Amino acid sequence: MSALTTVFLLPTASISDFSPSSSPGYLFPTKLAISCCSATAPVTVVNGNVENRSYERNEVRLGLPSKGRMAADTLDLLKDCQLSVRQVNPRQYVAEIPQIANLEVWFQRPKDIVRKLISGDLDLGIVGLDNVKEYGQGSEDLILVHDTLEYGDCRLSLAIPKYGIFENINSLEELARMPQWTSERPLRVATGFTYLGPRFMEENGLKHVTFSTADGALEAAPAMGIADAIVDLVSSGTTLRENNLKEIEGGIILESQAVFVASKKSLIQRKGVLDITHEMIERLEAHLRAAGQFTVTANMRGRSAEEVAERILSQTSLSGLQGPTVSPVFCKRDGKVAVEYYAIVICVPKKALYKSVQQLRAVRLSSFYI
Ligand SMILES: Nc1ncnc2c1ncn2[C@@H]1O[C@H](COP(=O)(O)OP(=O)(O)OP(=O)(O)O)[C@@H](O)[C@H]1O
Ligand SMILES: O=P(O)(O)OC[C@H]1O[C@H](OP(=O)(O)OP(=O)(O)O)[C@H](O)[C@@H]1O
Ligand SMILES: [Mg+2]
């Protein structure tokens, strides 16, 4: 067979590598194919197992990000759950978690973790939700077994320049209504999200759009004249700001964070996957629940522990996990031991901390600390 030469997308695609196509409309690339120069039939290239059938193995496989911003945080989270990953050296891509027998850890690029879950080469994985949605492309075989691991927070957003014709455009509706976009001159969007980006545009009724793609630093595309807008991940917003770009109302495509994902086929068919998944979820949940709680201690003047407890329980954010602990604070008054104050201890979820402090103030506590 002759050498592989041409790369094209099926069906006829207009996603280009930073060289915008003039053909209008939306793009739904389905499969990357590589054709041989003299051959008539294209050769399909799949990511992972060619036969799309996992080879016989008894071990359960967990995919973790091999590099990038999710890698270290994922290992830290597992360590905090007493699931430390033992890796002989950082360039070795296979490792183990000694606490879980029969589990192999494989370090892979996040997008490959998703692809290999679908091909059956991995059973479980931890990646960003954006990767699951982009590379999973709605696959029913991917199950989110834990969708809030509370790191890797970011959003997939449409962003446009702050200047020029976009100066007064602040919403997706306004962008869609701009007279500039026609079939001859569509809105050009640069993105690495060539599945989610086009779908979002279609769902929101933007008619004349083309996409180009690149592997990084997409924020440069508008200033370079390569694109009018971008679809990319945003976290702090610094990269957009530094490149004179802005997000617009209605332009958030997806809110993302790290998730624990499993192949449904593996959960059902492969021995041990369900048990390992349960064990991991239990440990993750225990850790995340504890990490999300604050203990708030407050001193409050009152006639009795019951009266103080009643006041506390009258506020929705102050009931704690199983109600407040109220204990007398003993002090000396005129040579006698007396109780004027009560110490209240409650567990408050991180998200409700501000509200709880406001409510403690409302029930006139005298002092408190967290
Ligand atoms: N700025 C960010 N803040 C927080 N999380 C982010 C940010 N950018 C990306 N992420 C999350 O981290 C994941 C991995 O991002 P990372 O930049 O490491 O890889 P990548 O650029 O998507 O992939 P690759 O380098 O393999 O092309 C993303 O899928 C997303 O879930
Ligand atoms: O809102 P911010 O906090 O500024 O983060 C957003 C940036 O982070 C990611 O890029 P990354 O740093 O991963 O580089 P990459 O383009 O090489 O992926 C993303 O693609 C944005 O460019
Ligand atoms: Mg990145």
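Definitions and cut-offs
- Residues numbered from 1 in each chain as written.
- Chains lettered and ligands numbered in written order.
- Predicted model: local features only at pLDDT ≥ 70, side-chain atom pairs only at ≥ 80, totals over all residues.
- UniProt positions renumbered as here; feature names shortened; annotations may be inferred.
- Helix = DSSP H or I, 4+ residues; strand = E, 2+ residues; numbered from the N terminus.
- Contact = placed C-beta atoms within 7 Å.
- Axes fitted to C-alpha atoms, helices over the stretch in contact; angles between N-to-C directions.
- Parallel < 35°, antiparallel > 145°, perpendicular 65-115°, else oblique.
- Left-handed = near helix turned anticlockwise from the far one by under 90°.
- Nonpolar A, V, L, I, M, F, W, Y, C, P; charged D, E, K, R; others polar.
- Buried ≥ 20, exposed ≤ 12 C-beta atoms within 10 Å, placed from the backbone.
- Near = placed C-beta within 6 Å.

Going by an unreviewed UniProt entry, the protein carries the name ATP phosphoribosyltransferase and comes from Dorcoceras hygrometricum. Taken directly from UniProt, the Catalytic activity (unreviewed entry) text for the protein runs: "1-(5-phospho-beta-D-ribosyl)-ATP + diphosphate = 5-phospho-alpha-D-ribose 1-diphosphate + ATP". For the record of the protein, the UniProt heading Pathway (unreviewed entry) holds the text "Amino-acid biosynthesis; L-histidine biosynthesis; L-histidine from 5-phospho-alpha-D-ribose 1-diphosphate: step 1/9."

Student: It is not clear to me how the overall build of the protein should be interpreted in this structure. Could you clarify?
Tutor: Along the protein, the regular secondary structure elements total 11 helices and 18 strands. Here the analysis covers contacts within the protein between residues at least 6 apart in sequence; of these, 67% occur between residues at least 24 apart.

Student: I tried to follow the packing of helix H2 (residues 110-119) against helix H3 (residues 129-136) on my own but got confused; where do I start?
Tutor: Packed helix pairs are characterised by how far apart their axes lie and by the angle those axes make with each other. Relative orientation of the contacting elements H2 and H3 amounts to 50°, with a least axis distance of 9 Å. On the basis of the axis angle, H2 is oblique to H3. As H2 runs across H3, the sense of the crossing is right-handed. Where H2 abuts H3, its residues Pro 110, Lys 111, Val 114, Arg 115 and Ile 118 lie against Asn 131, Val 132, Tyr 135 and Gly 136. Of the residues that constitute the contact of H2 with H3, the class distribution is 5 nonpolar, 2 polar and 2 charged.

Student: Can you help me understand unusual backbone geometry in this one?
Tutor: A negative phi angle is the norm for most residues apart from glycine, just as the trans form is the norm for most peptide bonds. Its identity as a non-glycine residue notwithstanding, Asn 102 has a phi of 65°, on the positive side. If you check the backbone angles, Glu 150 has positive phi at about 65° while not being a glycine. Topologically, Glu 150 is positioned in the loop between strand E8 (142-146) and strand E9 (154-161). Residue Glu 150 is classed as partly exposed on the basis of its C-beta count, with 16 C-beta atoms lying within 10 Å.

Student: Help me understand the site of ligand 1 in this model?
Tutor: If you check the shell around ligand 1, you find 15 residues, and the closest are Gly 68, Arg 69, Gly 128, Cys 154 and Ser 235. For the shell around ligand 1, the per-class residue count stands at 4 nonpolar, 6 polar and 5 charged.

Student: Looking at this structure, I do not really get the site of ligand 2. What am I missing?
Tutor: Taken together, Arg 69, Gly 216, Ala 217, Glu 219, Asp 232, Leu 233, Val 234, Ser 235, Ser 236, Gly 237, Thr 238 and Thr 239 make up the full set of residues near ligand 2. Breaking the shell around ligand 2 down by element, the ones donating at least two residues are strand E12 (229-234) and helix H7 (238-242). With 3 residues, the top contributor of residues to the shell around ligand 2 is E12. Split into classes, the residues belonging to the shell around ligand 2 amount to 3 nonpolar, 6 polar and 3 charged.

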